[in-house]
Structures are given as structure tokens and as C-alpha cells.
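# Summary of structural features
So you can see what is in the structure, the chains are spelled out below.
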Amino acid sequence: MTRYKVALEYDGTGLIGWQENRQGPSVQSIMKDAIEGFCGARPDVVAAGRTDAGVHAVAMTAHFDLDGGADANTVMRAVNFYLTARPVSILSCDVVSDDFHARFDCVARHYKYVVLNRPAAPVLNAGRVWWVPRKLNLDAMRDAADKLLGNHDFTSFRAAQCQAKSPVKTLDVCRITQHGEEIIFEFSARSFLHHMVRNIVGTLVEIGIGKPYDIDSIFAARNRSAAGPTAPAAGLYFMGADYSTAASQNSCAHARMDK
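What this report covers is the structure whose coordinates are included nearby. Bear in mind that the values here come from a model prediction, so they are computed numbers and not experimental data.

### Points about the overall build of the protein
- Helix and strand counts for the protein stand at five helices and 10 strands.
- Rg of the C-alpha trace for the protein: 19 Å, near the compact-globule value of 18 Å for 259 residues, within the 12% margin.
- With respect to the three principal axes, the spread of C-alpha positions in the protein is 60 × 40 × 35 Å.
- Taking the contacts inside the protein whose residues are at least 6 apart along the sequence as the reference set, 68% of them involve residues at least 24 apart.
- Just so you have it, the protein exposes about 12,000 Å², and 49% of that area is on carbon and sulfur atoms.

### Section: the packing of aromatic side chains
- The final tally for this structure, using the stated rule, is 10 aromatic pairs.
- Centre to centre, the rings of tyrosine 111 and phenylalanine 192 are 5.1 Å apart; their planes meet at 85°, and the pair counts as edge-to-face. Note that tyrosine 111 is positioned in strand 5 (residues 106-116) and phenylalanine 192 in the loop between strand 9 (182-189) and helix 4 (196-208), a separation of 81 residues in sequence. Like phenylalanine 192, tyrosine 111 is buried.
- With a centroid separation of 6.1 Å and an interplanar angle of 55°, the aromatic rings of phenylalanine 154 and phenylalanine 157 are classed as tilted.
- Residue phenylalanine 157 is classed as buried on the basis of its relative accessible area, which comes to 0%.
- Taken together, Tyr111, Phe192 and Phe238 form an aromatic cluster joined through their ring pairs.

### Observations regarding the packing of helix 3 (residues 138-148) against helix 4
- Direction vectors running N to C along helix 3 and helix 4 enclose 145°, while the axes themselves pass 8 Å from each other. In this structure, helix 3 crosses over helix 4, and the sense of that crossing is right-handed. Contacts between helix 3 and helix 4 involve Ala140, Met141, Ala144, Ala145 and Leu148 on the former and, on the latter, Ile200, Leu204, Val205, Ile207 and Gly208.
- Taken together, the residues that form the contact of helix 3 with helix 4 break down as nine nonpolar, one polar and no charged.

### Re helix 1 (residues 27-39)
- Relative to the 18 Å expected for 13 residues at 1.5 Å per residue, helix 1 spans 19 Å between its end C-alpha atoms, a close match to the ideal helical length.
- Inspection of helix 1 places Val27, Gln28, Ser29, Ile30, Met31, Lys32, Ala34 and Ile35 among the buried residues, and these make up the whole buried set.
- Count one or two residues on from helix 1 and you reach glycine 40, which has phi positive near 85°.

### Observations regarding the pairing of strand 8 (residues 168-179)
- Strand direction decides the pairing type here: strand 7 (residues 150-153) and strand 8, joined by four bridges, are antiparallel. Counted as the bridge partner of glycine 150 is leucine 171 from strand 8.
- Across eight bridges, the pairing between strand 8 and strand 9 is antiparallel. Of the residues in strand 9, the one forming a bridge with isoleucine 176 is phenylalanine 185.
- As consecutive antiparallel partners, strand 8 and strand 9 are separated by two residues, and within that stretch glycine 180 has a phi angle of approximately 65°, a positive value.

### What about the nonpolar core?
- Met31, Leu148, Leu171, Phe185 and Phe187 are the most contacted members of the largest nonpolar core, which has 72 residues in total.
- For this core, the leading source of residues is helix 4, giving seven residues.
- Setting aside its immediate chain neighbours within four residues, leucine 171 contacts Leu148, Leu149, Gly150, Phe154, Phe187, Ser188, Ala189, Phe192, Met196 and Ile200.
- Counting residues in hydrophobic clusters, the runner-up holds six residues, among them Val114, Leu116, Ile184 and Tyr237.

### Thoughts on the packing of helix 1 against helix 2 (residues 72-82)
- The geometry of helix 1 relative to helix 2 is characterised by a closest axis approach of 8 Å and an angle of 115° between their N-to-C directions. Classed by the angle they form, the pair helix 1 and helix 2 counts as roughly perpendicular. As helix 1 runs across helix 2, the sense of the crossing is right-handed. The segment helix 1 lies against helix 2, with Met31, Ala34, Ile35, Gly37 and Phe38 engaging Val75, Ala78, Val79 and Tyr82.
- The residue inventory of the contact of helix 1 with helix 2, partitioned by class, reads eight nonpolar, one polar and no charged.

### Here we look at the side chain of serine 156
- Its place among the elements puts serine 156 in the loop between strand 7 and strand 8.
- Of note is the side chain of serine 156, whose polar atom sits 3.3 Å from the backbone nitrogen of arginine 222.
- Within polar-contact distance, the side chain of serine 156 engages the backbone nitrogen of asparagine 223 at 2.9 Å.
- The residues contacting serine 156, other than those within four sequence positions of it, are Ile218, Ala221, Arg222, Asn223, Arg224, Ala226 and Ala227.

### Looking at the pattern of salt bridges
- What the rule picks out here adds up to 13 salt bridges.
- The closest approach of N and O atoms between arginine 118 and glutamate 181, which form a salt bridge, is 3.2 Å. A residue pair is termed long-range when its members are at least 10 positions apart, and arginine 118 in the loop between strand 5 and strand 6 (130-131) and glutamate 181 in the loop between strand 8 and strand 9 qualify at 63 residues.
- Overall, arginine 118 belongs to the partly exposed group, its relative accessible area being 23%.

Thresholds, definitions, all that
- Residues numbered from 1 in each chain as written.
- Predicted model: local features only at pLDDT ≥ 70, side-chain atom pairs only at ≥ 80, totals over all residues.
- Heavy atoms only, no water.
- Helix = DSSP H or I, 4+ residues; strand = E, 2+ residues; numbered from the N terminus.
- Rg over C-alpha atoms; globule rule 2.2 N^0.38 Å.
- Contact = heavy atoms within 4.5 Å.
- Areas by Shrake-Rupley, 256 points an atom, 1.4 Å probe, with all protein chains shown as cover.
- Phe/Tyr/Trp six-rings, centres within 6.5 Å; stacked < 30°, edge-to-face > 60°.
- Buried < 20%, exposed > 50% of the residue type's maximum accessible area, 1.4 Å probe, protein only.
- Axes fitted to C-alpha atoms, helices over the stretch in contact; angles between N-to-C directions.
- Left-handed = near helix turned anticlockwise from the far one by under 90°.
- Nonpolar A, V, L, I, M, F, W, Y, C, P; charged D, E, K, R; others polar.
- Expected span 1.5 Å × (residues − 1).
- Pairing = 2+ DSSP bridges.
- Core = buried A, V, L, I, M, F, W, Y, C linked by side-chain atoms within 4.5 Å.
- Parallel < 35°, antiparallel > 145°, perpendicular 65-115°, else oblique.
- Polar contact = N/O pair within 3.5 Å; in protein donor to acceptor, adjacent residues only side chain to side chain.
- Salt bridge = Lys/Arg side-chain N within 4 Å of Asp/Glu carboxyl O.

So this is what it looks like as C-alpha cells:
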């Protein structure tokens, strides 16, 4: 049995998310179908993060096991052949040790959220950004974002269906930059709660349009209703995952964010 680590790019539009179930096409089911087309096997494909419906990935790390010992390049080329015309592609493939785990060995996860801030609705980027026509106050959003950094109880930014054992997380990066008409939100942490990034972005955008949200009060409330709305899935991108050297010698599949 050989374990392969892959970096996946995918467009989440029209997909139910990462996790395979009977409700519709998922990234996991598309990968399993392609691997089955290549070698007849249908292994479990484990990802660094389980993205929701409509969420995209620039470089999602995943792993799967196959019999036969085919080299990594052969596996990548063959599986990509069966992914043709599907919204998923393997960007890289490596043979890793049997104890490498895409989810449990991950030491950092990186997300980007894209807001299109202009009066006109998107056409070319429809389904890939959140269109906010009202002018946003970047300074107000950045001041609020700074208060989110560090170790906090993020209950107010947690989805009701979140299954994490603890709402306490450490947010290492919460950065807001503007590139023309696009406002980019960047986040990094070891792990995130369900909908945590989208709930943070929704709150920051509310602050940007002048709503009187106070981050300290939101934290203290420990109640989802204290924070802003959940931002749409379309603007969210899983950018990459980091791994310690001990987990894998060359295991960083982190697509560097634009500065």
C-alpha cells in the first residue's frame, strides 16, 4: 500500500462541499470517481479541511492510499485525465510515509475571502466573490480585525451545527487589503470552527458599512446572535495547509497569498 499526498484546486460552485454524501456532487466523490476510473479502487480521500458547499480551494492538501506502488507522477497524470471537465484538478502529487495524515498532521490552515466592493454586480467573477455595493470603511474593519487576533472564545462566530469540542481558537492572521475593487480578507490558524471565517467576514463587513458592532462585546456575549451575518460561501477560498517537517519532508501545499 502506498500513500499519496496531493494538492487540489477546485471550484466549489455547484458542489455540496468536500464531504461525500447522497445530496449531490462533492469534491471527495469526484476524486473517488477519478481514482476508480484510473485503477478500479475507490479509497478514502482525506483532506486538511472539509469545505462547505460553494467554497473553493487554491491548494487543498489531501491523501489517499493505493495498492501497486505507481509513481506519483503517473498517479497525478492518470487521475487528472479522469478529472477532465470536472471542477477539480491535482496540482501536485507526492509519495509520503504511511503515517502522514492530511488532517491530523496539519499545523496551520490558510483562508482568503474576496469581497467585490463596487456599484456594479459581478459578471466574470460571479460565484467567486461576495458583491457588496456599499462603500466599505477599511480603517474601521482593520481596527476590528486586530481585536480578533490571538486566543479567544469564538462561540459568537461559531455555527450552531459546529461539532468542535471547544470554541477556543487562536487566530494567527486576520489581515485586510484592497486591490482595486476587491477587498481581500486573509486568515490563518491551526484550526477553525464551522463557518468561523464566514461569520467573521460578515461581521467585519457590517462594521465596514457603519453598523455598531463591537468585537469585545461580541466575544463576551458567547452567542451567535451577537455577531453579524454569515458571509456567502462564494467568496471563500481554502489557500493551503502547512505541516511540520516531522510529518512530511516536503508537505507544505500553501499557495502564497497576494501581498
